[in-house]
Amino acid sequence: MPSEPPAAPRPWSELVKLGAGYLAKHGTPDARVAAELLMARLCRCGRGFLSSLYPRIPAPVQVEAMRRGLARVAKGEPVQYVLGEWDFRSLTLKVDRRALIPRPETEELVTRVLASPLANAPRPFVVDIGTGTGCIVLSLA
């Protein structure tokens, strides 16, 4: 029996569309965003630059990495853990299962503290214990 010819390489746009569909089928919230975040990580760029890369054909190693990332997210692993990092204010923090994922609500907390009279104290004392990434104290520092 003759072997089937290899599938034609697909551009990033198709891979993201297929990946988003796969994640949606597995109940992943914001499936398109998750697929785009995985692509952005593999392309080493921000999501805002993806449209310029959509027509490009990814390297086979990138396709395989995308598949692995999609599978992890489809099994319920947060995309932030798959990426290994997450932005918080002006910081990029490493995240994994050992740490809470920095949330937008926590960014709001830091913004309010920085706008409060406490921020102007000569020697403020801040304690951030057992909260994972340390995003609060790092932002306040």
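This text follows the structure it describes.
Thresholds, definitions, all that
Residues numbered from 1 in each chain as written. Predicted model: local features only at pLDDT ≥ 70, side-chain atom pairs only at ≥ 80, totals over all residues. Heavy atoms only, no water. Patch = residues over 30% accessible without salt bridge, like charges linked within 9 Å, V, L, I, M, F, W, Y side chains within 5 Å. Areas by Shrake-Rupley, 256 points an atom, 1.4 Å probe, with all protein chains shown as cover. Salt bridge = Lys/Arg side-chain N within 4 Å of Asp/Glu carboxyl O. Helix = DSSP H or I, 4+ residues; strand = E, 2+ residues; numbered from the N terminus. Buried < 20%, exposed > 50% of the residue type's maximum accessible area, 1.4 Å probe, protein only. Pairing = 2+ DSSP bridges. Axes fitted to C-alpha atoms, helices over the stretch in contact; angles between N-to-C directions. Left-handed = near helix turned anticlockwise from the far one by under 90°. Contact = heavy atoms within 4.5 Å. Nonpolar A, V, L, I, M, F, W, Y, C, P; charged D, E, K, R; others polar.

The next thing to look at is a nonpolar patch on the surface. On the surface, Phe125, Val127 and Ile129 cluster together to form a nonpolar patch covering roughly 410 Å² of accessible area. Mapping Phe125 onto the fold places it in the loop between α6 (104-115) and α7 (135-140). The class of Phe125 is exposed, set by a relative accessible area of 76%.

Our next topic: unusual backbone geometry. Positioned with a positive phi, Arg44 is a non-glycine residue whose angle comes to about 55 degrees. Owing to a relative accessible area of 78%, Arg44 belongs among the exposed residues under this scheme. Phi at Arg89 is positive, roughly 55 degrees, even though this residue is not glycine. Structurally, Arg89 can be placed in the loop between β1 (85-88) and β2 (91-94). Accessibility expressed as a relative area gives 38% for Arg89, which makes it partly exposed.

With that settled, the discussion passes to the pairing of β2. Strand direction decides the pairing type here: β1 and β2, joined by four bridges, are antiparallel. Considered in β2, the bridge of Phe88 is made with Leu91. With antiparallel pairing between neighbouring strands as the criterion, β1 and β2 make up a hairpin whose turn holds two residues, including Arg89 at a positive phi of roughly 55 degrees.

What follows deals with the packing of helix α2 (residues 31-43) against helix α4 (residues 60-74). Contact pair α2 / α4: the axes reach a minimum separation of 10 Å and the direction vectors enclose 145 degrees. When the axes of α2 and α4 are compared, the crossing they make is right-handed. From α2, Ala34, Ala35, Leu38, Met39, Leu42 and Cys43 reach across to α4, where they touch Gln62, Ala65, Met66, Gly69, Leu70 and Val73. Considered class by class, the residues forming the contact of α2 with α4 number 10 nonpolar, two polar and no charged.

Purely spatial values, then, with no claim about function.
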